[in-house]
Amino acid sequence: MSCVGIFLSELHSWEWLGILLARLAVGSLFFLSGRGKLFVPERREQMRQTLIEAHLAFPEFNAVFVSAVEFGCGFLLIVGALTPLACTMLGGIMIVAITAIRNIKASSPLNWLAEFLYIPEVLYLVILVWLFFSGPGWLSVDHLVLSNFVQTH
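Here is what the cut-offs are and how they apply
Residues numbered from 1 in each chain as written. Predicted model: local features only at pLDDT ≥ 70, side-chain atom pairs only at ≥ 80, totals over all residues. Heavy atoms only, no water. Helix = DSSP H or I, 4+ residues; strand = E, 2+ residues; numbered from the N terminus. Expected span 1.5 Å × (residues − 1). Buried < 20%, exposed > 50% of the residue type's maximum accessible area, 1.4 Å probe, protein only. Polar contact = N/O pair within 3.5 Å; in protein donor to acceptor, adjacent residues only side chain to side chain. 1 Å grid on protein atoms, 1.4 Å probe; cavity = no way out; pocket = protein on both sides within 12 Å on 5 of 7 lines; lining within 4 Å. Points joined across faces, edges and corners; volume = space filled by probe spheres on them. Nonpolar A, V, L, I, M, F, W, Y, C, P; charged D, E, K, R; others polar. Contact = heavy atoms within 4.5 Å. Axes fitted to C-alpha atoms, helices over the stretch in contact; angles between N-to-C directions. Parallel < 35°, antiparallel > 145°, perpendicular 65-115°, else oblique. Left-handed = near helix turned anticlockwise from the far one by under 90°. Core = buried A, V, L, I, M, F, W, Y, C linked by side-chain atoms within 4.5 Å. Salt bridge = Lys/Arg side-chain N within 4 Å of Asp/Glu carboxyl O.

Q: Help me get a handle on unusual backbone geometry, residues and values and all.
A: Positive phi values are uncommon outside glycine, yet H55 reaches one of about 60°. If you check the backbone angles, F58 has positive phi at about 50° while not being a glycine. Turning to its location among the elements, F58 is positioned in the loop between α3 (41-53) and α4 (59-79).

Q: Give a description of helix α8 (residues 141-152) that names residues and reports values.
A: Counted at 1.5 Å a residue, the expected span for α8 with its 12 residues is 16 Å, and the 17 Å between its end C-alpha atoms agrees. For α8, the buried fraction is low: 0 of the 12 residues fall into the buried class. The N-terminus of α8 is capped by S140, whose side-chain oxygen sits 3.1 Å from the backbone nitrogen of H143.

Q: Which residues make up the layout of surface pockets, and what values do they have?
A: Computed from the structure, the largest pocket encloses a volume of approximately 620 Å³. Around the largest pocket, the lining comprises 26 residues; the ones closest to its centre are K37, M47, E70, A97 and I101. No other element matches the 7 residues that helix α5 (residues 83-101) contributes to the lining of the largest pocket. Here the lining of the largest pocket is composed, by residue class, of 16 nonpolar, 5 polar and 5 charged.

Q: Give a description of the side chain of E70 that names residues and reports values.
A: Secondary-structure assignment places E70 in helix α4. When residues no more than four places from it in sequence are discounted, the contact partners of E70 are F30, F31, S33, G34, K37, L90 and I93.

Q: Before we move on, could you go through the packing of α5 against helix α7 (residues 120-134) and cite the residues and values that matter?
A: Running from amino to carboxyl end, α5 crosses α7 at an angle of 155°, the nearest separation of the two axes being 9 Å. Overall, the two elements α5 and α7 adopt an arrangement that is roughly antiparallel. In this structure, α5 crosses over α7, and the sense of that crossing is left-handed. Here T83, P84, C87, T88, L90, G91, M94, I95, A97 and I98 of α5 come into contact with α7, specifically with E121, V122, Y124, L125, L128, L131 and F132. Here the contact of α5 with α7 is composed, by residue class, of 13 nonpolar, 3 polar and 1 charged.

Q: An account of α4 is needed here, citing residue identities and associated values.
A: For α4, with 21 residues, the first-to-last C-alpha span of 30 Å sits near the 30 Å given by 1.5 Å per residue. Considered for burial, the residues of α4 that qualify are P59, A63, V66, S67, V69, E70, C73, G74, L76 and L77. Tucked into the core, α4 has its buried residues touching α2 (15-39), α3, α5 and α7. Residue G80 follows α4 closely and has a positive phi angle near 75°.

Q: Account for the environment of A106, naming residues and giving values.
A: Note that A106 resides in the loop between α5 and α6 (109-118). For the pair A106 and F116, spaced 10 residues apart in sequence, the C-alpha separation works out to 9.6 Å.

Q: Describe the nonpolar core, listing the residues and the values that go with them.
A: It is characteristic of soluble globular proteins that their nonpolar side chains tend to be buried jointly. Judged by nonpolar contacts, the single largest core of 21 residues is most densely connected at V26, F30, L77, L90, L128 and L131. Where this core is concerned, the elements lending two or more residues are α2, α3, α4, α5 and α7. A per-element tally of this core places α4 first, with 6 residues. With residues near it in sequence (within four places) discarded, V26 still touches L77, I127 and L128.

Q: Kindly report on the pattern of salt bridges, identifying the contributing residues and their values.
A: In this structure the tally under the stated criterion is 3 salt bridges. In this structure, E70 engages K37 in a salt bridge whose closest nitrogen and oxygen atoms are separated by 2.9 Å. Note that E70 is positioned in helix α4 and K37 in helix α2, a separation of 33 residues in sequence. What makes K37 buried here is its relative accessible area of 11%. Two residues, E60 and R48, come together in a salt bridge whose shortest N-O distance is 3.1 Å. A residue pair is termed long-range when its members are at least 10 positions apart, and E60 in helix α4 and R48 in helix α3 qualify at 12 residues. The exposure class of E60 is partly exposed, given its relative accessible area of 48%. Among the charged side chains, a salt-bridge network with shared partners connects E45, R48 and E60.

Written as structure tokens, this is what we have:
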């Protein structure tokens, strides 16, 4: 095996670290954002106003619902529990945020793509999709539960 092959193989063995950092960063972002919107009345009102301006249905209910999903699923990502469910719920919120709340104006398709990819919610969605398919890594509740389940069956 070449030096490059050995190097790439070694890098792959550290893949869990990238997954952990992405999971902790995105999970913390959602957890802290949801926490603020749930427990700080001004932040909840700001969220409600954003939903009203985006013409989304039931802004009062959705302000609390979205905040609770961010808070709960963000926590789940941090600890690596129910990762596919957390990614799906948060991904749905990101899709709504991208399509309903953001209004991209650009002079050409290439400029539109550049503007679209610049939106932070797009990056969060990409990371959530990656975590959905890759799993939370070995340093997670999901891995611990699955390992114990496989050993007992």
